[in-house]
Amino acid sequence: MAKAANVSKYAAEICQAIDNETVSLRELSLKIHSNPELGYKEVLAHKALTDYVEAKGFKVTRHAYQLDTAFIAEYESPATAAAVAAGETVRAVGFCSEYDALPGIGHACGHNLIAIAGVASALAIKLVLERHNLVGRVRLIGTPAEETTGGKIPLIERGAFDGLDCCMMTHPSPGDLVYPTILSVGGFLVEYFGKASHASASPWEGVNALDALVQAYNGLGLLRQQTPTTCRIHCIITSGGQAANIIPEYAAGKIMYRSTVAEDHVKLREKVIRVAKAAAE
């Protein structure tokens, strides 16, 4: 029962620590929200977040792991060094903050909220470790470009998550979910190369790259009819020609696909690629 009482005490202290920072966290969130920045260009958000947690007593590494807008903020209690020297197991927990925005829309996915949720969680754990001199570490990981290529991927590959017993993140949702259904995501840029010609004088001499891309786009739409409800496909046209009276010699689009099951993800990728190649043929 004593252990349960301690857990309850720490939980109450964690909640209180976050409540105490409500005003400053809200200001931080609104600052990021009002200045949306695209992936790997989150200069203002990077500075605002790192300055904030550094002022709260974290050891901060800016531009971490060769990524200009990634960061690491860490804290360990004084008791931790002695525990390490004594050969004791030291637990470490991590939290992620995201802070990039969508082009033309801004923070529609609430990455400004993800940013401060990670900061708040790390702050609260730090307070408990500090106040009770508990053995442990907390690490806040700033992960850029989550709307595009995913900054967590190079961070994982370069060791940013090494040594953590667990790592958590909060994401806005229409409902409260502790264990949400997660969709994988894959994608690629598809390009078609044709031959330009004047669309009025000699259209028969051209090879229309846009026609191929439109056929791929429509093919993906038809593929959706036989795609499980646990999968998703999306596509946009990023380049469709320069002038209406010129047969486009180049066209490009971005395709993304998702699934809740790894095996279905692989199968869907193969089907999407076949659709794209068929359009080229």
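What you see is a predicted model, and the numbers here were worked out from it, not measured in a lab.

Would you mind showing me how to read the nonpolar core here?
Soluble globular proteins tend to pack their nonpolar side chains together in the buried interior. Leu 49, Val 53, Phe 58, Val 119, Val 138 and Leu 140 are the most contacted members of the largest nonpolar core, which has 25 residues in total. Contributions of two or more residues to this core are made by α2 (22-34), α3 (43-55), β2 (71-76), β3 (92-97), α5 (111-132) and β4 (137-142). Beyond its immediate stretch of four places on either side in the chain, Val 119 contacts Leu 25, Leu 49, Tyr 52, Val 53, Ser 97 and Leu 140. Judged by nonpolar contacts, the second largest core, of 19 residues, contains Tyr 192, Ala 251, Val 275 and Ala 279.

Looking at this structure, I do not really get the packing of α2 against α5. What am I missing?
When two helices pack together, their arrangement is given by the angle between their axes and by how far apart the axes lie. Direction vectors running N to C along α2 and α5 enclose 150°, while the axes themselves pass 8 Å from each other. With respect to their mutual orientation, α2 and α5 come out roughly antiparallel. Note on packing geometry: the crossing formed by α2 with α5 is right-handed. Contact residues: α2 offers Leu 25, Leu 28, Ser 29, Ile 32 and His 33, while α5 offers Asn 112, Leu 113, Ala 115, Ile 116, Val 119 and Ala 120. Looking at the contact of α2 with α5, its residues break down into eight nonpolar, three polar and no charged.

Please explain the layout of surface pockets as it appears in this structure.
In this approach, a probe sized like a water molecule rolls over the atoms, and the result shows the empty space that is left. Considering only enclosed or pocket space, the largest pocket measures out at about 1,900 Å³ in volume. Glu 98, Lys 152, Met 169, His 171 and Ile 182 are, among the 42 residues lining the largest pocket, the residues nearest its centre. Listing elements by their share of the lining of the largest pocket, those giving two or more residues are β3, α5, α6 (152-157), β5 (166-168), β6 (186-193) and β8 (250-259). A per-class count over the lining of the largest pocket returns 21 nonpolar, 14 polar and seven charged.

Explain α2 here, please?
Compared with an ideal rise of 1.5 Å per residue, which puts 13 residues at 18 Å, α2 spans 18 Å between its outermost C-alpha atoms and is within 8% of the ideal. Looking at α2, one finds that the buried residues are Leu 25, Leu 28, Ser 29 and Ile 32. The arc that holds every buried residue of α2, seen down its axis, measures 100°, which confines them to one face. Exposed side of α2, more than 90 degrees from the buried face: Val 23, Arg 26, Glu 27 and Ser 34 are the residues found there.

I would appreciate a short explanation of the pattern of salt bridges in the present structure.
Where charged atoms from two side chains of opposite charge approach closely, those side chains can pair. The tally for this structure, following the rule as stated, stands at twelve salt bridges. For Glu 76, the salt bridge identified is with Arg 137, shortest N-O distance 2.7 Å. Of this pair, Glu 76 sits in strand β2 while Arg 137 sits in strand β4, placing them 61 residues apart in sequence. Judged by its relative accessible area of 35%, Glu 76 falls in the partly exposed class. In this structure, Glu 98 and Lys 152 form a salt bridge, with 2.5 Å as the shortest nitrogen-oxygen distance. With a gap of 54 residues between them, Glu 98 in the loop between β3 and α5 and Lys 152 in helix α6 connect regions that are remote in the sequence. For the pair shown, Glu 98 and Lys 152 are each scored as buried. Beyond isolated ion pairs, a larger network of salt bridges with shared partners links Lys 47, Asp 51, Glu 54 and Arg 62.

Looking at this structure, I do not really get the environment of Ala 45. What am I missing?
With respect to the helices and strands, Ala 45 occurs in helix α3. Those residues in contact with Ala 45, other than ones at most four positions away along the chain, are Ile 32, Glu 37 and Tyr 99.

Which parts of the structure should I look at to understand the packing of aromatic side chains?
The description of two aromatic rings rests on the distance between their centres and on the angle between their planes. Inspection of the entire model under this criterion finds three aromatic pairs. When the ring of Phe 193 is compared with that of Tyr 250, the centres are 5.3 Å apart and the planes differ by 55°; the resulting orientation is tilted. Of this pair, Phe 193 sits in strand β6 while Tyr 250 sits in strand β8, and the two are 57 residues apart along the sequence. Note on Phe 193: relative accessible area 62%, which makes it exposed.

Calculation criteria
- Residues numbered from 1 in each chain as written.
- Predicted model: local features only at pLDDT ≥ 70, side-chain atom pairs only at ≥ 80, totals over all residues.
- Heavy atoms only, no water.
- Core = buried A, V, L, I, M, F, W, Y, C linked by side-chain atoms within 4.5 Å.
- Buried < 20%, exposed > 50% of the residue type's maximum accessible area, 1.4 Å probe, protein only.
- Helix = DSSP H or I, 4+ residues; strand = E, 2+ residues; numbered from the N terminus.
- Contact = heavy atoms within 4.5 Å.
- Axes fitted to C-alpha atoms, helices over the stretch in contact; angles between N-to-C directions.
- Parallel < 35°, antiparallel > 145°, perpendicular 65-115°, else oblique.
- Left-handed = near helix turned anticlockwise from the far one by under 90°.
- Nonpolar A, V, L, I, M, F, W, Y, C, P; charged D, E, K, R; others polar.
- 1 Å grid on protein atoms, 1.4 Å probe; cavity = no way out; pocket = protein on both sides within 12 Å on 5 of 7 lines; lining within 4 Å.
- Points joined across faces, edges and corners; volume = space filled by probe spheres on them.
- Expected span 1.5 Å × (residues − 1).
- Arc of directions from axis to C-beta.
- Salt bridge = Lys/Arg side-chain N within 4 Å of Asp/Glu carboxyl O.
- Phe/Tyr/Trp six-rings, centres within 6.5 Å; stacked < 30°, edge-to-face > 60°.

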